[in-house]
Amino acid sequence: MFRRILIANRGEIALRILRACRTLGVEAVVAYSEADRDSLPAQLADEAICIGPADARRSYLSAPAVISAALVTGCDAVHPGYGFLSEDETFAEVVRAHDLTFIGPPPDVLDRFASKEGTRRLLGGFGLPTIPGSDSMLRDDQHALAEANRIGYPVLIKPSAGGGGKGMRMVRTSRELESAIKICRSEAKSAFGDDSLYLEKWLDDNRHVEVQVAVDRFGAGVHFGERDCSVQRRHQKILEEAPTPALSAEKRAQLADVAIRAVVAAGYENVGTLEFLVDGAGNAYFIEINCRIQVEHPVTEMLTGIDLVALQIRIAAGEPLGLRQSDVVTRGHAIEFRINAEDPAHDFRPGAGVIERYHAPGGPGVRMDSHLYPGYEVPPYYDSLLGKLIVWGPDRPTAIARGRAALEELLVEGVTTNIEIHRALLDNETFLEGKMTTNLLDRVGGAAFLAAAAAR
Amino acid sequence: MPEAGRQPEPQDDGSDSSRLADHAGIARLTDDLLPALIAKLSTTQLGELEVREGDWHIRLRRPYGIGPGEGRRASDKPSRSQPGHEGHGHGRAAVESHRPARPAASSGGGAASTGATAGSGAASAASNGTGALGHAPSSKDGDGDRSRSIATSPAVGVFNPSPRAASGTRVRAGDSLGTVDMLGVPQDIPAPADGVVGQTLVEAGMAVEYGQELIRLELTAPTSAGPAEGR
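Predicted model, so just to flag it, every value in this text is computed and none were measured. (Residues numbered from 1 in each chain as written. Chains lettered and ligands numbered in written order. Predicted model: local features only at pLDDT ≥ 70, side-chain atom pairs only at ≥ 80, totals over all residues. Heavy atoms only, no water.)

### Things to note about the overall build of chain B
Quick note on the threshold: Secondary structure elements are taken from DSSP: a helix is a run of H or I of four residues or more, a strand is a run of E of two residues or more, and numbering for both begins at the N terminus. Burial classes: relative accessible area under 20% of the type maximum marks a residue as buried, over 50% as exposed, and values in between as partly exposed (1.4 Å probe, protein chains only). Whether two residues touch is decided by their heavy atoms; if any such pair falls within 4.5 Å, the residues are in contact. Note that accessible areas follow from Shrake-Rupley with a 1.4 Å probe, and for residues the cover is restricted to the protein chains shown.
Per the secondary structure count, chain B includes five helices and 10 strands. Expressed as a percentage of the 231 residues in chain B, the buried residues total 43%. Restricting to contacts in chain B with at least 6 residues of sequence separation, those with at least 24 account for 63%. Within the structure as shown, chain B displays about 11,500 Å² of accessible surface, and the carbon and sulfur contribution to it stands at 52%.

Below you can see the structure in the form of structure tokens.
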């Protein structure tokens, strides 16, 4: 086990990692930017070291600053948390070159899973269902029409190069396809200098379901079931729950099983999450793997009673998993509410300011992971996550009831938060029926969603 | 009481306009003399400092109850200025005991919030002078004065003061006072202002964090031909 870990992150996840370190009896050093000098993790750490100015590029995203801090504070490992440098294989390599351990997958594993398209092909080869698409790049219109017919409309035309939506079109008919292909080719050509296109099946009302896995250095792996993250806003998750209401128990078990088999076969190591899109018929398609601890990991911790961050650290230290699949038992239902400093009535505009009052809810099955305290100044430089409220119940209705009570009790004053959106969600019929899809909140709009809830 | 001293007269730049001279005088007062005086007041046990010069006089008064050193910014916890990485520790500090540092910092921002008055025939100087100070009570501006007189670390790494910038050396703003080695890459420590190198606060070879105070600077007016003030 490590002696001393540098936590190269901020906010609630820095605090979460610090708590895991305490549990493991490992000293924790928090690396912070000037803007986070008075933050809770910096105050509670065994040691705190300022690594740069508020600008993340010169602090939390600066590999030299983070590694230098680890070296001068006598650490033997670096925990990157999520975001920032957590999935940067170059950073992981430099960490190792300085005789430190990167807490996450080893650099060669990160490298193998770095490309989304490559990962889809790799894991698809090990039995994961992937989104149906064209067999190769589109040669001509004839080829495109034949492939689209085979896949079934609607289809998404995607350029081989680049990203950001350029050269991308969703089409519902063969006529649309013919005209859209010309536009996509010229867009892709001018944006990336490469006009090769391919087709992917478009899933209209999809749900986002992900499987949590852990694999040790010796190739032993277990899954911890899935989480449903369909409540999103512009591809940002705001509420997660488990088990997913979208799939039957049998389908859930099947999905988790193919997921863990595929990643073990592909040589994955450490904790990870496989993300799937699930269509209306309950078909799951693999989209990508997250090689880090995720924001929503507590949902799984509530169901299994297993500390995933501690497990992540133990695996990185070279310890065997110490778990068989039969040791992982999921119980009940859990929901996580992401509490953000943003204004749902004004297009989720992010806010900053001083927390005047703060009260975290309690009671059975209630957990609050947050770095807030009264007087804390929320800096404007980073993401707006203030904390996560997680509730557990023996079944979904009980979890929802505890969620309502806890959200009622939760008090955050001084900055505008999205707490109202969560309260509204727990009164929303689509959510209560377990039928949220990833596009629902964006389609309705935050303000309209709140107004509808208020009118009930 | 250390001699606030006779400040050098404004340089005769050849302009025969007394109005221009006035403006130059105001600029010099607000830009050079005041920060230097504030820095001086901050480091002494004095409660008040007054300087007279020709038609001008400036009086700085420390708010009652704010002792020297208490005007340091919240981040200047004593542990931070100690060399060695042990010095970075917050310890398992209680949140409550940590907070009161902030109000102290703003009131102590410090010496800068003390009043200044300008003498006869200098109405514009008075408004300009106090105007400059009037914005000062925020801790930020207090930091501004402080940052001018103390060179801080540009990076997290190992401190290497330059032998060519030993105590007593006269330097210009931007001159290198040494480096902080971050993973073997030297990062320059620039002098924050014109002045004379004073006390080095961290031993050579020790680990320092970003923003840590490293070297004191005795400020001098850039136009001054006279010797630097001693302490």
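On we go.
### Observations concerning the sheet that holds strand β3 (residues 150-152) of chain B
The strands making up a sheet associate through hydrogen bonds between their backbones, and the pairing can be parallel or antiparallel. All names here are of chain B. Counted only if it meets this: At least two DSSP bridges between two strands are needed for those strands to be called paired.
Strands sit in the order β3-β10-β8-β5 across an open sheet of four strands; the sheet is antiparallel. What marks the edges here is a single partner per strand, and that holds for β3 and β5 (170-171). Pairing between strand β8 (residues 195-200) and strand β10 (residues 213-219): four bridges, direction antiparallel. Within the sheet, the bridge partner assigned to V197 lies in β10 and is L217.

### A word on the packing of aromatic side chains
Residue and element names in this part refer to chain A. Formally: Each Phe, Tyr or Trp ring (for Trp, its six-membered ring) is paired with any other whose centre lies within 6.5 Å, and the angle between the two planes then decides the class: stacked below 30 degrees, edge-to-face above 60, tilted in between. A ring has a charge above it when a Lys NZ or an Arg CZ is no more than 6 Å from the ring centre and no more than 35 degrees off the ring normal.
According to the stated counting rule, one finds seven aromatic pairs over all chains in the structure shown. Relative to F102, the ring of F91 has its centre 6.0 Å away and its plane inclined at 75°; by these criteria the two rings are edge-to-face. On the criterion of sequence distance, the pair formed by F91 in helix α4 (residues 89-97) and F102 in strand β5 (residues 101-102) is long-range, its members being 11 residues apart. As far as the burial class goes, F91 and F102 line up, both buried. Taking the centre distance of 5.8 Å and the plane angle of 70° together, the rings of F276 and F286 count as edge-to-face. Of the two residues, F276 is situated in strand β12 (residues 270-278) and F286 in strand β13 (residues 284-290); the sequence distance between them amounts to 10 residues. Residue classification places F276 among the buried residues on the basis of a relative accessible area of 0%. Judged by its relative accessible area of 0%, F286 falls in the buried class. We note R396 situated over the ring of F431; from NZ or CZ to the ring centre the distance is 4.8 Å.

### Quick look at the pattern of salt bridges
Residues and elements named next belong to chain A. What counts is decided by this rule: Any Lys or Arg side-chain nitrogen found within 4 Å of a carboxyl oxygen on Asp or Glu counts as a salt bridge.
Tallied over the full model, the rule gives 38 salt bridges over all chains. Of the charged contacts in the structure, one is a salt bridge between E47 and R4, with a shortest N-O distance of 3.0 Å. Of the two residues, E47 is situated in strand β3 (residues 47-52) and R4 in strand β1 (residues 4-7); the sequence distance between them amounts to 43 residues. Classification of R4 by relative accessible area gives buried; the value is 8%. The salt bridge partner of R261 is D257, with a shortest N-O separation of 3.0 Å. One end of the pair, R261, and the other, D257, are both in helix α9 (residues 249-265), four residues apart, so they sit about a helical turn from each other. By relative accessible area, D257 is classed as partly exposed at 30%. Beyond isolated ion pairs, a larger network of salt bridges with shared partners links E210, R227, K237, E240, E275, E296 and R338.

### What about the sheet that holds strand β7 (residues 169-171) of chain A?
Residue and element names in this part refer to chain A. Cut-off, in case you're wondering: Structural elements are reduced to axes, namely lines fitted to C-alpha atoms, with helices fitted over the stretch in contact, and the angle between N-to-C directions of any two is expressed from 0 to 180 degrees.
The sheet built from three strands is open, its strands ordered β7-β6-β8 with antiparallel pairing. Since the sheet does not close on itself, it has two edges, and those belong to β7 and β8 (197-201), each with one partner. Between one strand and the next, the sheet's axes are offset by a mean angle of 30°, whatever the strand orientation. Along the sheet, helix α7 (residues 141-151) contacts β6 (155-159) and β8; its crossing angle with β8, the most-contacted strand, is approximately 15°.

### Considering the pairing of β1 of chain A
Residues and elements named next belong to chain A. Alternating positions in β1 separate into two faces, R4 and L6 on one and I5 and I7 on the other, with burial throughout. As paired elements, β1 and strand β2 (residues 27-33) share four bridges and run parallel to each other. Across the sheet, the residue bridging to L6 is V29, located in β2. Here β1 runs beside strand β4 (residues 77-79); their pairing, made up of three bridges, is parallel. Bridge pairing links I7 to H79 in β4.

### Quick notes on α4 of chain A
All names here are of chain A. Note the threshold: Directions drawn from the helix axis to the C-beta atoms are what define this arc. Any pair of nitrogen or oxygen atoms within 3.5 Å is treated as a polar contact; in protein, a donor-acceptor pairing is required on top of that, and neighbouring residues in sequence qualify only through side-chain atoms on both sides.
Taken together, the buried positions of α4 are occupied by F91, A92 and V95. Down the axis of α4, the buried set is contained in an arc of 100°. They therefore lie on one face. The secondary structure elements touched by the buried residues of α4 are α3 (63-72), β4, β5 and α5 (107-112). For α4, the N-terminal cap is D88; the gap from its side-chain oxygen to the backbone nitrogen of T90 is 3.0 Å. Where α4 terminates, the next one or two residues include D99, which has phi positive at roughly 60°.

### Focus: the side chain of E210 of chain A
Along the chain, E210 of chain A turns up in strand β9 (residues 207-215). The contact partners of E210 of chain A, leaving out residues within four places of it in the chain, are G225, E226, R227, C229, K237, T273, L274, E275, Q294 and E296 of chain A.

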